[in-house]
2 protein chains.
Amino acid sequence: MVTWMPRKPSYDRDALIDRARDVFWRQGWAGTSLKDLERELKLNPGSFYAAFGSKDALYALALQRYAQEGVARLTALAERLGAKGALQEQPRLVIEATGAPAKACMLAKTYAELQAKDHELAGQAGVHMAEMKACFADLFRRAQEAGEISPDHDPERLATRYQSDLLGLRLSAERSNVDARAVAADIAADIDRL
Amino acid sequence: MVTWMPRKPSYDRDALIDRARDVFWRQGWAGTSLKDLERELKLNPGSFYAAFGSKDALYALALQRYAQEGVARLTALAERLGAKGALQEQPRLVIEATGAPAKACMLAKTYAELQAKDHELAGQAGVHMAEMKACFADLFRRAQEAGEISPDHDPERLATRYQSDLLGLRLSAERSNVDARAVAADIAADIDRL
DNA sequence: TATATACTTGAGCGATCACTCAAGAAAGCA
DNA sequence: TGCTTTCTTGAGTGATCGCTCAAGTATATA
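Bear in mind the structure is a predicted one, so any value in this text is a computation, not a measurement. (Residues numbered from 1 in each chain as written. Chains lettered and ligands numbered in written order. Predicted model: local features only at pLDDT ≥ 70, side-chain atom pairs only at ≥ 80, totals over all residues. Heavy atoms only, no water.)

## Structural notes on unusual backbone geometry
Residue and element names in this part refer to chain B.
Right, on to step 1. Even without being a glycine, K42 presents a positive backbone phi close to 50 degrees.
Right, on to step 2. Topologically, K42 is positioned in the loop between α2 (34-41) and α3 (45-52).
Right, on to step 3. With relative accessibility at 69%, the residue K42 sits in the exposed group.
Right, on to step 4. One non-glycine residue, N177, lies in positive phi territory at about 70 degrees.
Right, on to step 5. Considering the arrangement of structural elements, one finds N177 in the loop between α7 (155-173) and α8 (180-192). (Helix = DSSP H or I, 4+ residues; strand = E, 2+ residues; numbered from the N terminus. Buried < 20%, exposed > 50% of the residue type's maximum accessible area, 1.4 Å probe, protein only.)

## Some points on the relation of the copies chain B and chain A
Note: a rotation about an axis with an accompanying shift along it relates these two copies of the chain.
Right, on to step 1. Once turned by 180 degrees and shifted 0.0 Å along the axis, chain B lies on chain A with an RMSD of 0.0 Å. Here the transformation between the copies is reduced to the relation of a two-fold axis. By C-alpha distance to the rotation axis, the residue of chain B lying nearest is G168 of chain B, at 1.9 Å.
Right, on to step 2. Comparing interface residues between copies, 100% of those in chain B also sit at the interface in chain A, which points to an isologous, same-surface contact. (Least-squares fit on C-alpha atoms with pLDDT ≥ 70 in both. Contact = heavy atoms within 4.5 Å.)

## Looking at empty space enclosed by the protein
Right, on to step 1. What the rule picks out here adds up to three cavities of 30 Å³ or more.
Right, on to step 2. A volume near 270 Å³ is recorded for the largest cavity.
Right, on to step 3. At the level of elements, α5 (106-114) and α7 (155-173) of chain A together with α1 (13-27), α5 (106-114) and α7 of chain B are the ones that each hand at least two residues to the lining of the largest cavity.
Right, on to step 4. The biggest single contributor to the lining of the largest cavity is α5 of chain B, with six residues.
Right, on to step 5. Its residues placed into classes, the lining of the largest cavity shows 15 nonpolar, five polar and four charged. (1 Å grid on protein atoms, 1.4 Å probe; cavity = no way out; pocket = protein on both sides within 12 Å on 5 of 7 lines; lining within 4 Å. Points joined across faces, edges and corners; volume = space filled by probe spheres on them. Nonpolar A, V, L, I, M, F, W, Y, C, P; charged D, E, K, R; others polar.)

## Things to note about the pattern of salt bridges
Right, on to step 1. Throughout the structure, instances matching the rule amount to 34 salt bridges over all chains.
Right, on to step 2. As a salt-bridge pair, D190 of chain B and R161 of chain A come within 3.0 Å of each other at their nearest N and O atoms. You can see D190 of chain B sitting in helix α8 and its partner R161 of chain A sitting in helix α7, one on each of two chains. Across the pair, R161 of chain A and D190 of chain B agree in class, each one buried.
Right, on to step 3. When the shortest N-O distance is used, the salt bridge between R161 of chain B and D165 of chain A registers 3.0 Å. With R161 of chain B in helix α7 and D165 of chain A in helix α7, this residue pair bridges two chains. For the pair formed by R161 of chain B and D165 of chain A, the shared burial category is buried.
Right, on to step 4. Here the residues in one salt-bridge network are R161, D165, D190 and R193 of chain A together with R161, D165, D190 and R193 of chain B, joined through shared partners. (Salt bridge = Lys/Arg side-chain N within 4 Å of Asp/Glu carboxyl O.)

## Things to note about the interface of chain B and chain A
When the parts come together, some accessible area is lost, and that loss is often what is quoted as the size of the interface.
Right, on to step 1. The interface of chain B with chain A comprises 37 residues on the first partner and 37 residues on the second.
Right, on to step 2. For the pair chain B and chain A, the two sides together bury roughly 3100 Å², of which 52% comes from carbon and sulfur.
Right, on to step 3. In terms of surface lost to chain A, no three residues of chain B exceed R161, L171 and R175 of chain B, which account for 22% of the buried area on that side.
Right, on to step 4. Going through the elements one at a time, α1, α5, α6 (120-145), α7 and α8 of chain B are the ones with two or more residues in the side of chain B that touches chain A.
Right, on to step 5. A breakdown of the residues in the side of chain B that touches chain A according to their chemical character gives 15 nonpolar, ten polar and twelve charged. (Buried area = accessible area lost by both parts, 1.4 Å probe.)

Put into structure tokens, the structure is as follows:
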């Protein structure tokens, strides 16, 4: 048996997923056409479908990438600042990430856009959001164990409210004429009162 | 001069705008096709364009209707419960409105979907959101004047945070597996601490 | 009843949608 | 160098998009 390796793709599949995530994040699912992706990824239709199979398949990869990096960033933040510090810093970080294609959460945007259609991608976005919420709950739990916040509150409920606040903050941050930094500061201050 | 009035439309234009608002609210702008509207409004293409001019024009009317009714409901609530009572009841109301086509705010969904395209409808949604924020600020101001909450906080800042919280709440309420009523209760409880 | 006017109908417009596939180009192994 | 395999190219698929318009129908006035 002979193993042929006659040609490698000229593109970096991983980098393409990153770029696709940015386009989808900014423009949404219906708002992003194959033409947009071909232009942004510099891929002809044939190569695109050879690499990813379909627009939805690539969107799923982009969602997964987005969620993975979100968890990783939060975890790294907690290692640097501790559980409470991370929870307080996160609001500031998400609205000031200058390189990001949008302020609003891609998972939330996906869910809001596609849930009414019962689209599979909405379900996947929901799963990723639940993962994020579990991260938040874990941080609240660790902050309690570290004595940084009172043990009187249910970490799950704190996480639910915190995630809701972040979603609102990030949506608000999309608008001009809204002082998102004030909102972020207020959310962080709320944690001091726990 | 003779005035002819040979025939009236067979439809109730006002009711059609309501129905269109519900479809757009649920499915979004790109997610709603002319076919959807024709089926839902029972209008053939010709009648549709004679009545509304374009999909975007009808969407603008639907947005306007949505915002008007939102302000009216909040105003009525304040007359019944007072300023502070209205602010505390509103979170509960918006997530438990059983007849509504969606929990999330139509203005926010519109803004999130269309802002990246610099679509005019996103601008209009932003204007309506600013109007809503002004309502909130007014209620906070009146609650302060009535001695229901402390005068120490800036009503504008309170309104900004409150609107952000409501956006997050209503987005969260779209998801199953999220206890939106707990979040609504927490938001209402926050107002008691002012 | 005859007429003028507006509303209703639905086939069909060009553009764009996600996607396919046959042909040509490129690269590793003999 | 020649062969095999994969990648790249881009014209083209049927379906659907928002929208138009000519023809037909209904109705209030004269």
